[in-house]
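Descriptive structure summary
The residues making up each chain are set out below.
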Amino acid sequence: MDFYFGLAQTVGIHTLLGLSAYIVLLTGQVSLAQAAFFAIGAYSAGMLTVLAGWHVVPALGVGSLLGAVTACAVGFPALRVKGLMLVVATLAFGEGVRLFFFNFDYQVAKGGIRVGPLGGEGFRQIRFFPEHGWTTAEVMLFIWVFVIGVMALLWWFDRSRYGAVLRSVGEDEVAAQSVGINLTAVKVSAMTVGGAIAGVGGGLYAHYTTHIEHANFNVLLATFAIAYPIVGGLRTVFGTLAAVIFVQAFLIEGLRFLGDWRNLLFGALIILAMNLRPHGLFGRHSA
Amino acid sequence: MLELKAVSRYFGGVRALDGLDLTVNEGEIVGLIGPNGSGKSTTVNLIAGLFPLTAGEIVFRKQALRDVPVHKRLQLGIARTFQNIRLFGQLSVWQNLWVAQNSPEDRSRRGFFSRWLGGQTRGRKEIAQLLEFSALGHKQDELAANLSFGEQRRLELARALAARPKLLLLDEPAAGMNAEEIGQLRQRIVDLRAEGITIVLIEHVMELVMGVADRIAVLNFGQKIAEGTPAQVQSDPAVKKAYLGGS
Amino acid sequence: MLDFLQTLSDGVLFGAIYALIGIGFTLVFGVMHKINMAYAAASVGGAYAGLLVLKAVAAAPAWMVFFGAFLAGGMLGWLVYVTCFHFIPLSSPLAPLMSTVGMLLLIDEVIVHLTAGMPQSYPAMFDDVMLRLGEFTLRGDLLLVFGISVLAMIGLLALLYRSRLGLATRAVAQQPIAAQLCGIRVTRVNALTFVITGLLGGLAGALIGASVGALSPLLTTPLTVKGLIVTVIGGLGSIPGAIVAGLLVGGFENLFQQFRGVTERDMYVMLLLFAFLVFRPGGLFPAKS
């Protein structure tokens, strides 16, 4: 049973990662920076619970806030960079953040041992959950409270005027401007919300794996982040969830017996999915 | 209401517009005609703010538009349609109108949360009126990409009206329409003028522009070669030579 | 000062490889308006495949390995085209991009599995040759790398500007629909673009192996990132831009490494990119709109 709980935890966290990219993709911005905001959430939430003794919930709040603030800061220069150049710029930013954490040391002595991030070795002993006696099932439920909350929020956005405005910007920026939509406000706000979501996801990730390091937040993770909403389609948030379940559960776990060939199959699966359903599993609206 | 003074726009060596002077008074319908490449669309794009001016001034209701960004011009009261229809294809007809409700009245009417996070029940009345005006009520949940050509043109116009404009720039609205549709368009334009909207109409379809405009300006190679009532313009020899044909 | 010049010149010579990679990205972008994220991975893959020559011909000379990599790169280029661009409608904005990302992951994993993740040593030429100009040294192998790269670039430019295929390619880049109407087989031009950039890429991969002395699958990500940075700095779609930017990035990278160490080096290259994005987003040779 614990195996399935663990799987559900992974699906939940990856869904948060995917949703952080989903809202940004709606505005037409392809961002490979979501893994970077995820990393910022992970390290900051981890440091707060481990080094400052905070409870996990406010730590997640700060992780989310820092993710949002960084994303907002990235959102403005991102406006100047069009289309595919944005992919490159966000890719470079993501790598830059990863390299920052590769070089980041901040250790404090606690009870005789030194804890905290240590550059290339990473950040070990993020043990809030075990230390407070949370069971695997409880951690899973905790994660899913956030997943469901974020999905509900984004689903609400999709039905509101904000969601329609986001999509109109993604469709045609010139037309959107011409009907009075402030592109800057829309694109930066979407990026900020995406950063907040990624920050929460990262914080949860740090606590459930208990050990994070720079290599976890690499280009591959950034790719997963945008792969989920693209493969799932931008029609609905459920597409992203379906894509995560599809990839994580079916592919990685179900094909576990293929061992190390998982990543190869991930690549092949993406290629196949894009050839067969270029607009995603759930696709666009009919047309 | 709108004044263009010595407006020029160069693209590298090409002088798309060269020193255009034009005045549009409140409540008028001004037609802008001329051969392809004469600068008509450039004029609309400059008034709407999509390109910066190379030289000259555009003043709208006593305000200089030089540094005003595109979306703010809409809020000042300038709306436009596009020559090649630019609808939000993956949004429904209703949503296309909904996202365009950005006039100052709409913005101040409701609170922030209501306006942005409210569902599709908000703004229902105004949108219903626009749908009726454009005869698109029965298609309100249809995706814009699935509409017929004529329906898309009507939606494009309706969307521009959703912003409650004082000045409406129509860029070749009759292109591709048959005679019946042109007649309906003509009636709509007249109805809009009756509601107090000032209109600048770029067109090639002479029967529409001559029949509905109060004044017409004729462009050729980026410059104005004639201006006057339809009758005056039609009999102007320079215009005939450049555009209308005939000796 | 001498140190500075030495570091700079070594970097610039190596930068010719970045220029080749940048050209590959930028050419595909220019012709198809899409980024082929798998390009650097295919280049490294081609370089690995070149090593197969050593299995076939015992103690084969280095140039044969390079040539094998060159050819293998071309084949991989064609493979990327077929899996990512031939069947997917180009109008769908994100599908080809994601597909190339899938290909990147795939190629990476295949390399890791076939080599058990162990770095493979790569033959070099003239690695014991040192040209001395006073106190200034030019490494023979780097000079060769630079020389081959220059020849490849000249070959490419000759192809683009002096051959019918090149003319067709430039036509498709500017106006794909009109080109089709003129009878140009756009799909064939696209496929050939991938093959040609693949050839260049395989060669670039081999040259990296030659100058570093070994190939490792860990090369793929940094090479992709640097190649894209070079493309953006040079201006998307501009071959001269990619050339200049490649040399620039190579030079700066080596300087950063000399003065701030290897771990911080890449962060500074990112900063260089951001400086360009802020001050000159079109790149060195922006495309005219």
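For every chain, the first residue of the written sequence is number 1, and numbering continues from 1 onward in sequence order. Chains and ligands are labelled sequentially in the order written, the chains with letters from A and the ligands with numbers from 1. For a predicted model such as this one, the threshold for reporting local features is a pLDDT of at least 70, and the threshold for listing and counting side-chain atom pairs is 80 or more; totals across whole chains, interfaces and linings nevertheless cover every residue.

**Here's the deal with the domain arrangement of chain B**
Interface extent is often summarised as the accessible area lost during association of the parts. All names here are of chain B. Domain ranges listed in this record stem from an automatic or a database domain assignment. For chain B, the domain assignment lists domain 1 (1-77 + 165-247) and domain 2 (90-164). The straight-line distance from the C-alpha centre of domain 1 to that of domain 2 is 26 Å. Working definition of a contact: two residues with C-beta atoms, positioned from the backbone, lying within 7 Å. The interface is formed by nine residues belonging to domain 1 together with 11 residues belonging to domain 2. Segments assigned H or I by DSSP are reported as helices when at least four residues long, segments assigned E as strands when at least two residues long, and all are numbered from the N terminus. At the level of secondary structure, the elements contributing two or more residues to the side of domain 1 that touches domain 2 comprise helix H2 (70-76) and helix H8 (179-194). Of the residues that constitute the side of domain 1 that touches domain 2, the class distribution is five nonpolar, two polar and two charged. Under the scheme applied, nonpolar residues are Ala, Val, Leu, Ile, Met, Phe, Trp, Tyr, Cys and Pro; charged residues are Asp, Glu, Lys and Arg; polar residues are all the others, including Gly.

**A look at the interface of chain A and chain C**
Between chain A and chain C, the residue contacts involve 34 residues of the former and 34 residues of the latter. Elements supplying a minimum of two residues to the side of chain A that touches chain C: helix H4 (83-102), helix H10 (219-232) and helix H12 (262-276) of chain A. Grouping the amino acids of the side of chain A that touches chain C by side-chain chemistry returns 24 nonpolar, seven polar and three charged.

**As for the sheet that holds strand E1 (residues 2-11) of chain B**
Residues and elements named next belong to chain B. Pairing between two strands is assigned when DSSP locates at least 2 bridges connecting them. Strand order in the open sheet formed by four strands is E2-E1-E4-E5, and the pairing between neighbours is antiparallel. Single-partner strands in this sheet number two, and they are strand E2 (14-24) and strand E5 (63-64). When strand E4 (residues 55-60) meets E5, the two strands line up antiparallel, connected through two bridges. Looking at the pairing, Val59 lines up with Ala64 of E5. In this analysis, axes come from line fits to C-alpha atoms, helices being fitted only over the stretch in contact, and the angle between any two N-to-C directions falls in the range 0 to 180 degrees. On the sheet, helix H1 (residues 40-48) packs against E1, E2 and E4 and is oriented at approximately 65 degrees with respect to E2.

**Quick notes on the interface of chain A and chain B**
Listed as interface residues are 21 residues of chain A and, on the opposing side, 28 residues of chain B. Of all the secondary-structure elements, those providing two or more residues to the side of chain A that touches chain B are helix H7 (161-171) and helix H8 (173-178) of chain A. The element best represented in the side of chain A that touches chain B is H7(A), accounting for seven residues. Broken down by class, the residue content of the side of chain A that touches chain B amounts to eight nonpolar, seven polar and six charged.

**Let's talk about unusual backbone geometry**
Phi angles above zero are rare outside glycine, and Gln125(A) is one such case at about 60 degrees. The residue Gln125(A) is located in the loop between strand E2 (113-115) and helix H5 (128-131) in this model. Every C-beta atom is placed from the backbone, and the number of other C-beta atoms within 10 Å of a residue's own sets its class: buried at 20 or more, exposed at 12 or fewer, partly exposed in between. Judged by local crowding, Gln125(A) falls into the partly exposed class, with 16 C-beta atoms found within 10 Å. Phi angles above zero are rare outside glycine, and His33(C) is one such case at about 55 degrees. Within the fold, His33(C) resides in the loop between helix H1 (2-32) and helix H2 (39-50). With 15 C-beta atoms counted inside 10 Å, the residue His33(C) sits in the partly exposed group.

**Brief notes about the nonpolar core**
A set of buried residues qualifies as a nonpolar core if it consists of Ala, Val, Leu, Ile, Met, Phe, Trp, Tyr and Cys joined through C-beta atoms within 7 Å. Judged by nonpolar contacts, the single largest core of 276 residues is most densely connected at Ile17(C), Val145(C), Leu203(C) and Ile229(C). Examining the composition of this core, we find that 16 residues originate from one element, H1(C), more than from any other. Formed jointly, this core draws a minimum of three residues from each of two domains, domain 1 (1-77 + 165-247) and domain 2 (90-164) of chain B. Aside from chain neighbours lying at most four places away, what touches Leu203(C) is Leu20(C), Phe66(C), Ala69(C), Phe70(C), Gly73(C), Ile148(C) and Ala152(C).

**Section: the sheet that holds strand E8 (residues 198-202) of chain B**
All names here are of chain B. As summarised here, the arrangement of the six strands in space is E6-E7-E8-E3-E9-E10, forming an open sheet in which the pairing is mixed. The sheet terminates laterally at strand E6 (78-80) and strand E10 (223-228), the two strands that pair on one side only. On average, adjacent strands in this sheet sit at an angle of 20 degrees to one another, irrespective of strand direction. In terms of strand pairing, strand E9 (residues 215-220) meets E10 through five bridges, oriented antiparallel.

**Some remarks on the environment of Leu74(B)**
Structurally, Leu74(B) can be placed in helix H2. Taking C-alpha positions, Leu74(B) is 22 Å from Leu117(B), a pair spaced 43 residues apart along the chain. Excluding residues within four positions of it along the chain, Leu74(B) makes contact with Ser178(A), Val179(A), Gly180(A), Ala79(B), Asn102(B) and Ala163(B).

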